[in-house]
Amino acid sequence: MDEKIFNYYEKGEEAARLSGGFDRVEFERTKEILLRYLPPPPAKILDVGGGAGAYSFWLAEKSYTVHLIDIVPLHVEQAKNADGAALLASIGEGDARKLDFKSDSMDVVLLLGPLYHLPRRSDRIRALNETHRVLKTGGLVFCAAISRFASLLGGLAQDFLSDPEFRKIALKDVKDGNHLNPKEIPGYFTTAYFHRPEELAAEIQEAGLSHVSTLGLEGSSWLLGDFDERWADPARKEIILEVLRLIEDEKTLLGVSAHLLAVAKNEIRTEAI
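Calculation notes
Residues numbered from 1 in each chain as written. Predicted model: local features only at pLDDT ≥ 70, side-chain atom pairs only at ≥ 80, totals over all residues. Heavy atoms only, no water. Helix = DSSP H or I, 4+ residues; strand = E, 2+ residues; numbered from the N terminus. Buried < 20%, exposed > 50% of the residue type's maximum accessible area, 1.4 Å probe, protein only. Polar contact = N/O pair within 3.5 Å; in protein donor to acceptor, adjacent residues only side chain to side chain. Contact = heavy atoms within 4.5 Å. Axes fitted to C-alpha atoms, helices over the stretch in contact; angles between N-to-C directions. Parallel < 35°, antiparallel > 145°, perpendicular 65-115°, else oblique. Left-handed = near helix turned anticlockwise from the far one by under 90°. Nonpolar A, V, L, I, M, F, W, Y, C, P; charged D, E, K, R; others polar. Arc of directions from axis to C-beta.

Enquirer: What should I look at first to understand the side chain of His117 in this one?
Expert: Mapped onto the elements, His117 comes out in the loop between strand S4 (106–111) and helix H6 (121–134). Assessed through its relative accessible area of 8%, His117 is described here as buried. Among the polar contacts made by the side chain of His117, one reaches the side chain of Tyr9 at a distance of 2.6 Å. Filtering out sequence-adjacent residues up to four positions away, His117 remains in contact with Met1, Ile5, Tyr9, Phe189, Thr190, Thr191 and Ala192.

Enquirer: Got a minute to help me understand the packing of H6 against helix H9 (residues 197–206) in this structure?
Expert: When two helices pack together, you describe them by how their axes are tilted relative to each other and by the distance separating the axes. H9 packs onto H6 with a crossing angle of 55° between their chain directions and a minimal axis gap of 9 Å. Classed by the angle they form, the pair H6 and H9 counts as oblique. In this structure, H6 meets H9 at a crossing whose hand is right-handed. Judged by residue contacts, Arg121, Arg124, Ile125 and Leu128 of H6 engage Ala202, Glu203, Ile204 and Glu206 from H9. Split by residue class, the contact of H6 with H9 holds four nonpolar, no polar and four charged.

Enquirer: I would appreciate a short explanation of helix H7 (residues 150–157) in the present structure.
Expert: Every α-helix carries 3.6 residues per turn, so stepping three or four residues along brings you back to the same face. Burial in H7 covers these residues: Ala150, Ser151, Gly154 and Gly155. Down the axis of H7, the buried side of the element spans an arc of 115°, and every buried residue falls inside it. Contacts from the buried residues of H7 go to strand S5 (135–147), helix H8 (164–176), strand S6 (178–179) and strand S7 (192–195). Asp159 occupies a position one or two residues after H7 and carries a positive phi of about 65°.

Put into structure tokens, the structure is as follows:
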């Protein structure tokens, strides 16, 4: 793994990320979509690259059997020291490309971070193949990706594009999807790969999984200048969520969303045998 990725996450900020700012939309929408598709508890869920456990603890509280792994030691330590740690079936270090779990052992796998921190396509396919291996027949996988246009649109909304360094980063993202922050400038993220929606589906299918849908999480809501004010008002927050549900699978708008969430299934397919 790129050392810059470890440096970025060893700052310890990921544990609280989903509780503030625009990231609250990502958290809310991801949970909403998971509940739409998940089998009933106590189904076995493997949360790969689950960070400090935001989704793992939420699912465990709903009586799911949850195993959490992450490649960053600090995240694993944070999860083990969290109040809900005892609710999880296991917590440990692990790599999405080589899962230390038996084949056909999981009902659900969450890949809500690993794919965009694997810049090489071969590594992303390897992670998806491992996911396919540990999934039971009929099992589900949820894959998060960052949109190819996230830096460009976010930079426009927050006026980062006036910084020549950020402008260079954003234009490269659009060109080839390889997000690099060589000077490790705070606020400009870290090494990652930003997907086009159709690329995400193609990678899932190459691993022998059946692509069900790719959905936009935030739509254009993360670009609102008065987002915090609207989100704090229950009625206006619900309007935002209602709009996002209506456009979540609109192909012409998917790239506007900062994050994409693909749903796939392990079915018996000739090419996967």
